[in-house]
Amino acid sequence: MSRTDSGNVDHDEISRFEALAARWWDRAGEMGALHVINPPRMRYIQQRTGGASASIKGKRTLDVGCGGGILTEALAIAGADALGIDLATASIEVARLHAEEAGLKVGYEVVSAEALAGQQPESFDLVCCLEMLEHVPDPAETIEAIARLVKPGGDVVFSTINRNPKSYALMIVGAEYVARIVPRGTHDYAKFIRPSELDRWARNAGLVPQDVMGLRYNPLLKSASLNASDIDVNYLMHCRKPAED
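This report concerns the structure included in the present document. Quantities reported herein were computed from a predicted structural model and do not represent experimental measurements. (Residues numbered from 1 in each chain as written. Predicted model: local features only at pLDDT ≥ 70, side-chain atom pairs only at ≥ 80, totals over all residues. Heavy atoms only, no water.)

**Description of the packing of aromatic side chains**
Line of reasoning, step 1. Counting across every chain of the model gives three aromatic pairs.
Line of reasoning, step 2. Note on Tyr 189 and Phe 192: the rings are 5.6 Å apart at their centroids and 70° apart in plane angle, and the pair reads as edge-to-face.
Line of reasoning, step 3. Taking relative accessible area as the criterion, Phe 192 reaches 1% and is therefore assigned buried.
Line of reasoning, step 4. An aromatic cluster is defined as three or more aromatic residues linked by ring pairs; in this entry it consists of Tyr 168, Tyr 189 and Phe 192. (Phe/Tyr/Trp six-rings, centres within 6.5 Å; stacked < 30°, edge-to-face > 60°. Buried < 20%, exposed > 50% of the residue type's maximum accessible area, 1.4 Å probe, protein only.)

Shown next, in the form of structure tokens:
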């Protein structure tokens, strides 16, 4: 599949992630926090979408904005038929190489969610879009594409950053300028998304929100955990597409 650009793309953001591509799998580098938060993210995905067995084995899954494939590989290891998509070509090349070296069967394509929705509508049992919505000009458009991609009765899991003074202090001042966990300019506070906004956009796209869960990250201990009572900064939202009658 050839590269298909959407108008809903910030080329400066793509360039920024292209420049970091070689360090996606460096746990001590700029992407280290993603490696720490990935296990609790996966637990949430499995708890919310795997049923009583907490299994996603055999499900066709899509990771939108997959970057170097940290989540995509975890989905594949859990037994899913996993496809990761991203518009950063260098990141996709890194993801493919890492999966090959790990002996994992994972699909990767340089394509937007909007373009893929036109090619493969209602094709996925589970669609994940984690830490990506706050990097696009129009997140509602991406959510609409994701709603077209998931099968009726299928699941969607989003994660993003809340917009409030606490998130600004921790994610921009703390993470970028004080602790320097991520490079300066990684986040734009104006693009942070309140849960009420994500809920509204999901409903407008035909998805039904099922649950919201906070995700706490401790940069000093390099640990992360799910916390339902704290959605002030990072949070996940599980949605479902209604089954056809």
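**What about the packing of helix H2 (residues 32-49) against helix H3 (residues 70-77)?**
Line of reasoning, step 1. Here H2 crosses H3 at 45°, and the two axes come no closer than 10 Å. Judged on the interaxial angle alone, H3 and H2 are oblique. Here H2 runs over H3; the crossing is right-handed. Within the contact between the two elements, H2 uses Leu 34, His 35, Asn 38, Arg 41, Met 42 and Ile 45 and H3 uses Ile 70, Leu 71, Ala 74 and Leu 75.
Line of reasoning, step 2. Residue composition of the contact of H2 with H3, grouped by class: seven nonpolar, two polar and one charged. (Axes fitted to C-alpha atoms, helices over the stretch in contact; angles between N-to-C directions. Helix = DSSP H or I, 4+ residues; strand = E, 2+ residues; numbered from the N terminus. Parallel < 35°, antiparallel > 145°, perpendicular 65-115°, else oblique. Left-handed = near helix turned anticlockwise from the far one by under 90°. Contact = heavy atoms within 4.5 Å. Nonpolar A, V, L, I, M, F, W, Y, C, P; charged D, E, K, R; others polar.)

**Notes on the pattern of salt bridges**
Line of reasoning, step 1. Taken as a whole and judged by the stated rule, the model has 14 salt bridges.
Line of reasoning, step 2. Linking Glu 13 and Lys 191 is a salt bridge whose minimum nitrogen-to-oxygen distance equals 3.9 Å. With Glu 13 in helix H1 (residues 11-20) and Lys 191 in the loop between helix H7 (165-178) and helix H8 (195-204), this residue pair connects regions lying 178 residues apart in the sequence. With respect to burial, Glu 13 and Lys 191 carry one shared label: buried.
Line of reasoning, step 3. A salt bridge links Arg 216 to Asp 230; the shortest N-O distance between them is 2.8 Å. Highlighted residues: Arg 216 in strand E6 (residues 208-218) and Asp 230 in the loop between strand E7 (223-227) and strand E8 (234-240), separated in sequence by 14 residues.
Line of reasoning, step 4. The partly exposed category is assigned to Arg 216, whose relative accessible area is 41%.
Line of reasoning, step 5. Through salt bridges with shared partners, a single network forms among Asp 10, Glu 13, Arg 16 and Lys 191. (Salt bridge = Lys/Arg side-chain N within 4 Å of Asp/Glu carboxyl O.)

Function-wise, these values are silent; they only describe arrangement.
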